[in-house]
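An overview of the molecular structure
Chain residues, written in single-letter form:
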Amino acid sequence: MTLPLNTILSGDCIAMMDSLPAKSVDLVFADPPYNLQLGGELLRPNNSKVEGVDEEWDRFSDFAAYDAFTRAWLKSARRILKDDGALWVIGSYHNIFRVGAILQDLGYWMLNDIVWRKTNPMPNFKGTRFTNAHETMIWCAKSAETRYTFNYDSMKALNDDLQMRSDWTLPLCTGGERLKSGGKKTHPTQKPESLLYRVLMASTKPGDVVLDPFFGTGTTGAVAKKLGRNFIGCERDPEYIAAAKERIAKVIPVADPSVLMAISKRSEPRIPFGSVLERGLLNPGDLLFGGTRHDKVAKVRADGTLITDIHRGSIHKVGALVQNAPACNGWTYWHFQAGHDEFMPIDVLRQKIRAELH
């Protein structure tokens, strides 16, 4: 069977997923009903009504019914995931703990829980609880043996060259991004594109197939198209499907596919520190400086090792020894003096050599 790529399948998500070939999808991103169990209208201090999620699709008779639904769609999702595939699911305190337990029961392997911290959450108007300012995403592999995709270097680059943490501070979907019809929100829980951008950049490659079983107004599809990924959406509400199709049709794909590729430093050619000396980018006898104040000093030897008053070895070994640390990335720890008051990591010299090789 040919996969219905970049298509919205109309109907029940479990039936739609069951119609697809086994092991055919790279990633599943799911924003299922939260089963909010709302207890009546919520009013602001000025007595205006707060728009909540009171649609029929979020209502379940009890926890047992919700658990049965959750188990069914997660089981279908697992069948269509490739062996190296992964799944993301987002929820609130109402449902995410139940979803997490079922994920583990079905054999999924937990990788991270991600806290989406909202910069603009809705206040708690009654003043009876803390402001609910976050939602939780669970990222899991199909199994413990899965060789899942994680674009670590891309995430670090997105975060100003700092390792990406598991708490993400992003705004709610507002302004021009929020779809509306008749002056009202088309969908009550439309997710911001920034959230899906980070998810897809982190855990997929260009050309991968991303399935969203609760497609709504198509945030997953819009971001997938923008980033050169394929999508399959499942949605049963005709109004949401129409809005999603119109939205995705307006997305212009990136013209140059090469800019979408995640570059992993591990896949780049290995450059020994000795190559820096062979190319004349540093010379024997030059000093390298480490520490936050560049107060650790080592001298470069002709064979590519470093020496201090009491240590000798590779850039990594000496870097660890002077810090009394178990390990060290010498390329980022050691700096050379590039100007009067300017110090640069020796990694820039390695990157210069790599650029020449390319």
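The protein chain carries the name Methyltransferase in an unreviewed UniProt entry, which gives Paramagnetospirillum marisnigri as its organism. If you open the UniProt record of the protein chain and go to Sequence similarities (unreviewed entry), you find "Belongs to the N(4)/N(6)-methyltransferase family." The UniProt entry for the protein chain carries the following text under Catalytic activity (unreviewed entry): "a 2'-deoxyadenosine in DNA + S-adenosyl-L-methionine = an N(6)-methyl-2'-deoxyadenosine in DNA + S-adenosyl-L-homocysteine + H(+)".

Notes on the domain arrangement of the protein chain
Along its sequence, the protein chain is organised into domain 1 (7-260) and domain 2 (273-356). On a C-alpha basis, the centroid separation for the pair domain 1 and domain 2 is 45 Å.

Considerations on the nonpolar core
If you look at the biggest cluster of nonpolar residues, it comprises 36 residues, and the most contacted ones within it are Trp 88, Met 137, Trp 168, Leu 195, Val 199 and Leu 200. Elements represented by at least two residues in this core include exactly strand S2 (25-30), strand S3 (81-91), strand S4 (109-118), strand S5 (134-141), strand S6 (167-170), helix H5 (193-203), helix H6 (219-226) and helix H7 (238-249). When residues no more than four places from it in sequence are discounted, the contact partners of Met 137 are Phe 29, Trp 88, Val 89, Ile 90, Asn 112, Asp 113, Ile 114, Trp 168, Leu 195 and Val 199.

As for unusual backbone geometry
If you check the backbone angles, Asp 161 has positive phi at about 65° while not being a glycine. As for its placement among the helices and strands, Asp 161 is situated in the loop between helix H4 (152-158) and S6. For His 294, which is not glycine, the phi dihedral falls at a positive 55°. Here His 294 shows up in the loop between strand S11 (287-290) and strand S12 (296-300).

Observations concerning the side chain of Lys 142
Mapping Lys 142 onto the fold places it in the loop between S5 and H4. Of note is the side chain of Lys 142, whose polar atom sits 2.7 Å from the backbone oxygen of Leu 81. Leave out the neighbours within four places in its chain, and Lys 142 touches Lys 23, Arg 78, Arg 79, Leu 81, Lys 82, Asp 83, Gly 85, Gly 107, Tyr 108 and Trp 109.

Side note on the pattern of salt bridges
Taken as a whole and judged by the stated rule, the model has 17 salt bridges. A salt bridge links Lys 118 to Glu 135, with the shortest nitrogen-to-oxygen separation between them at 2.8 Å. With Lys 118 in strand S4 and Glu 135 in strand S5, the pair connects residues that are 17 residues apart, well separated along the chain. One continuous salt-bridge network, built from bridges that share partners, spans Lys 23, Asp 83 and Lys 142.

What counts and how
- Residues numbered from 1 in each chain as written.
- Predicted model: local features only at pLDDT ≥ 70, side-chain atom pairs only at ≥ 80, totals over all residues.
- Heavy atoms only, no water.
- UniProt positions renumbered as here; feature names shortened; annotations may be inferred.
- Domains from an automatic or database assignment.
- Core = buried A, V, L, I, M, F, W, Y, C linked by side-chain atoms within 4.5 Å.
- Buried < 20%, exposed > 50% of the residue type's maximum accessible area, 1.4 Å probe, protein only.
- Helix = DSSP H or I, 4+ residues; strand = E, 2+ residues; numbered from the N terminus.
- Contact = heavy atoms within 4.5 Å.
- Polar contact = N/O pair within 3.5 Å; in protein donor to acceptor, adjacent residues only side chain to side chain.
- Salt bridge = Lys/Arg side-chain N within 4 Å of Asp/Glu carboxyl O.

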